[in-house]
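Okay, here's what each chain looks like letter by letter:
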Amino acid sequence: MERFQAEVYGLCVRLLRHRQDAEDVAQEVFLRVFRSMRRWDKQRPLRPWVMGITVNRCRTWLSQRSRRPELVDYLQDTAPSRAEDDSTELVAEIHAALAELRPDYRAVFVMFHEHGQPYEDIAAALDRPVGTVKTWLHRARAELLQRLSQRGMVAPEGDSPASSTPER
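This one's a predicted model, so the numbers in the text were calculated from it and none came from an experiment. Along each chain, the written sequence defines residue order, and numbers are assigned to residues from 1. The predicted origin of the model limits local features to residues at a pLDDT of at least 70 and limits the giving and counting of side-chain atom pairs to 80 or more, whereas totals for whole chains, interfaces and linings rest on all residues. To obtain the side-chain values, all non-hydrogen atoms of the structure were used and water was disregarded.

1. Observations concerning the overall build of the protein
Moving on, step 1. When you go through the protein residue by residue, the secondary structure sums to 7 helices and 0 strands.
Moving on, step 2. Numbering of helices and strands runs from the N terminus, with a helix taken as a DSSP run of H or I at least four residues long and a strand as a DSSP run of E at least two residues long. If you list the helices and strands of the protein from N to C, you get α-α-α-α-α-α-α.
Moving on, step 3. We call a residue buried when its accessible area falls under 20% of the maximum for its residue type, exposed when it is over 50%, and partly exposed in between, using a 1.4 Å probe and counting protein chains only. Counting across all 168 residues of the protein, residues that qualify as buried make up 34%.
Moving on, step 4. When checking whether two residues touch, look at their non-hydrogen atoms; a contact exists if any pair is within 4.5 Å. For the protein, contacts bridging at least 24 residues in sequence account for 69% of all contacts bridging at least 6.

2. A short note on empty space enclosed by the protein
Moving on, step 1. Points on a 1 Å grid over protein atoms alone make up a cavity when a 1.4 Å probe fits among them but cannot get out, and a pocket when they form an open set with protein on both sides within 12 Å along at least five of seven lines; lining residues each have an atom within 4 Å of a point. Grid points are joined across faces, edges and corners, and a volume is the space filled by probe spheres set on the points. What the rule picks out here adds up to 1 cavity of 30 Å³ or more.
Moving on, step 2. Here the largest cavity defines a volume of roughly 60 Å³.
Moving on, step 3. Every residue along the wall of the largest cavity is listed here: Leu15, Val55, Cys58, Arg59, Leu62, Pro103, Asp104, Arg106 and Ala107.
Moving on, step 4. Every element with two or more residues in the lining of the largest cavity is listed here: helix 3 (46–67) and helix 5 (103–114).

3. Notes on a positive patch on the surface
Moving on, step 1. A cluster of basic residues, Arg32, Arg35, Arg38 and Arg39, forms a positive patch on the protein surface.
Moving on, step 2. Looking at the element boundaries, Arg38 is found in the loop between helix 2 (19–36) and helix 3. Without a salt bridge and with relative accessible area above 30%, a residue can belong to a patch; like charges are then joined within 9 Å and nonpolar side chains (Val, Leu, Ile, Met, Phe, Trp, Tyr) within 5 Å. In these tables, accessible area is a Shrake-Rupley quantity obtained with a 1.4 Å probe, and a residue counts as shielded only by the protein chains included in the view. When a carboxyl oxygen of Asp or Glu lies within 4 Å of a side-chain nitrogen of Lys or Arg, that pair is called a salt bridge. Note that His is not counted, nor are the chain ends; the positive residues are Lys and Arg, and the negative ones are Asp and Glu. Charged side chains are reduced to one point each, which is NZ for Lys, CZ for Arg, CG for Asp and CD for Glu.

4. Some words on the packing of aromatic side chains
Moving on, step 1. Stacked, edge-to-face and tilted labels apply to pairs of Phe, Tyr and Trp rings (six-membered ring for Trp) whose centres lie within 6.5 Å, assigned for plane angles under 30 degrees, over 60, and everything in between, in that order. In this structure the tally under the stated criterion is 2 aromatic pairs.
Moving on, step 2. Both rings, one in Tyr105 and one in Trp136, keep their centres 6.4 Å apart while their planes meet at 50 degrees; by these two values the pair is tilted. Taken together, the residues span a long stretch of sequence, with Tyr105 in helix 5 and Trp136 in helix 7 (residues 130–150) at a distance of 31 residues.
Moving on, step 3. With centroids separated by 5.1 Å and ring planes inclined at 15 degrees, the aromatic side chains of Phe112 and Tyr119 adopt a geometry described as stacked.
Moving on, step 4. Since its relative accessible area comes to 22%, Phe112 is described here as partly exposed.
Moving on, step 5. By relative accessible area, which is 24% here, Tyr119 ends up partly exposed.

5. Re the packing of helix 1 (residues 5–16) against helix 2
Between two packed helices, the angle of one axis relative to the other and the distance separating the axes together describe the packing.
Moving on, step 1. Angles shown run from 0 to 180 degrees and are taken between the N-to-C directions of axes, each axis being a line fitted to C-alpha atoms and, for helices, limited to the stretch in contact. One way to put it is that helix 1 packs onto helix 2 with a least axis distance of 8 Å and a crossing angle of 135 degrees. The angle between helix 1 and helix 2 falls in the class oblique. Of the two possible hands of crossing, helix 1 and helix 2 adopt the one that is right-handed. Packed against helix 1, whose contacting residues are Gln5, Val8, Tyr9, Cys12, Val13 and Leu16, the element helix 2 presents Arg19, Asp21, Ala22, Glu23, Val25, Ala26, Val29 and Phe30 at the interface.
Moving on, step 2. Amino acids are sorted into nonpolar (Ala, Val, Leu, Ile, Met, Phe, Trp, Tyr, Cys and Pro), charged (Asp, Glu, Lys and Arg) and polar (every other residue, Gly among them). Residues of the contact of helix 1 with helix 2, tallied by class, amount to 10 nonpolar, 1 polar and 3 charged. Here the angle decides the label: under 35 degrees means roughly parallel, over 145 means roughly antiparallel, 65 to 115 means roughly perpendicular, and every other value means oblique. Helix crossings are classified by the rotation of the near helix relative to the far one: an anticlockwise turn of less than a right angle makes the crossing left-handed, while a clockwise turn makes it right-handed.

6. Remarks on the environment of Leu11
Moving on, step 1. Among the structural elements, Leu11 can be located in helix 1.
Moving on, step 2. In this structure, the C-alpha to C-alpha distance between Leu11 and His115, residues 104 residues apart in sequence, is 7.9 Å.
Moving on, step 3. If sequence neighbours within four positions are ignored, Leu11 has contacts with Met51, Thr54, Val55, Val110, Met111 and His115.

7. Quick look at the layout of surface pockets
Moving on, step 1. Quantified by volume, the largest pocket comes out at close to 450 Å³.
Moving on, step 2. Breaking the lining of the largest pocket down by element, the ones donating at least two residues are helix 2, helix 3 and helix 6 (119–126).
Moving on, step 3. Of the residues belonging to the lining of the largest pocket, the class tally is 8 nonpolar, 4 polar and 8 charged.

8. Remarks on helix 1
Moving on, step 1. Take the number of residues in a helix, subtract one, and multiply by 1.5 Å to get its expected span. With 12 residues, helix 1 extends 16 Å between its outermost C-alpha atoms, agreeing within 8% with the 16 Å of an ideal straight helix rising 1.5 Å per residue.
Moving on, step 2. Buried within helix 1 we find Glu7, Val8, Leu11, Cys12, Val13, Arg14, Leu15 and Leu16.
Moving on, step 3. A positive phi of about 65 degrees marks Arg17, the residue just after helix 1.

As structure tokens, then:
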């Protein structure tokens, strides 16, 4: 449990976007892991198996949460930053755009970019082919860029100086 606690909790926070829900789901994940340990194939790595259980529990929690009314709107689980530049606003916009992604895309994006997991581990955790994981990650990035562009946070595609050809 100590080996995966921070990673499981971090993934839950990013996928569920509520600290209290993440704590509950992380506990459920480890209960599932302990109850299902005898079914784990010892020939396969443990980490993708645990992360797969984590993603599945988050999906279940999200589907159950959408069916019941939410009593309290939790504050965003981000620490206030003292940055004096636009980076704070950009980070907030990225988080908002990420929250709008479909759950599969968001899970792949978070596991790859925030947890540094390789494609193979993500594929094993989600029980999907590596090609599907790569496709979902590509689509997640494209949707994030589109949403950030719509919000005026990045230049629309084709408007960047690198994409224009110099005149001769």
